[in-house]
Amino acid sequence: MKKVLSYCLIGLVLVSGAFVGCSDKKEPAEKGAIEKMTEETAREAVKQIRTPIDKARSVAKQQEEKNKEMDDALKKQ
């Protein structure tokens, strides 16, 4: 019985030592040049896509306001 218990204890120590030894607590590495360039290109692409959409929304809002003003003017007549 003592022999089995001692083998289990030794096995537990070895397994826990392997987990501690293999765990990696390093800080994440800095992004490489390719990843930085990819992110910058993605930001530019998003900006170029969003800018016209935002302008179109602005113009649509202005048009709705004009239409509402015209409708109100027609109702007053």
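To be clear, the structure that these remarks concern was listed above.
On a predicted model such as this, the values are computed, not experimentally measured, just so you know.

Visitor: Would you take a moment to explain the overall build of the chain for this structure?
Guide: The helix and strand inventory of the chain stands at two helices and zero strands. Within the span of the chain, comprising 77 residues, buried residues form 0% of the whole. About 8,000 Å² of surface is accessible on the chain, with carbon and sulfur atoms providing 62% of the total.

Visitor: Just checking my understanding: could you explain a nonpolar patch on the surface for this structure?
Guide: There is a patch of nonpolar side chains on the surface, built from Tyr7, Ile10 and Leu14 and spanning about 360 Å² of accessible area. Structurally, Ile10 is set in helix α1 (residues 2–22).

Visitor: Is there a simple way to think about the pattern of salt bridges in this case?
Guide: Two side chains of opposite charge can pair, provided their charged atoms sit close to one another. One pass over the structure, following the stated rule, counts three salt bridges. Here Glu39 and Arg43 are joined by a salt bridge, their closest N and O atoms 3.5 Å apart. Here Arg43 and Glu39 lie together in helix α2 (residues 33–76), a separation of four residues that amounts to about one turn. For Asp54, the salt bridge identified is with Arg57, shortest N-O distance 3.9 Å. Taken together, the positions of Asp54 and Arg57, both in helix α2 and three residues apart, correspond to about one turn of that helix. Here Arg57 falls in the exposed class, since its relative accessible area comes to 58%. When salt bridges with common partners are traced through the structure, they connect Glu39, Glu40 and Arg43 into a single cluster.

About the thresholds
- Residues numbered from 1 in each chain as written.
- Predicted model: local features only at pLDDT ≥ 70, side-chain atom pairs only at ≥ 80, totals over all residues.
- Heavy atoms only, no water.
- Helix = DSSP H or I, 4+ residues; strand = E, 2+ residues; numbered from the N terminus.
- Buried < 20%, exposed > 50% of the residue type's maximum accessible area, 1.4 Å probe, protein only.
- Areas by Shrake-Rupley, 256 points an atom, 1.4 Å probe, with all protein chains shown as cover.
- Patch = residues over 30% accessible without salt bridge, like charges linked within 9 Å, V, L, I, M, F, W, Y side chains within 5 Å.
- Salt bridge = Lys/Arg side-chain N within 4 Å of Asp/Glu carboxyl O.

Read these as spatial facts, not as claims about activity.
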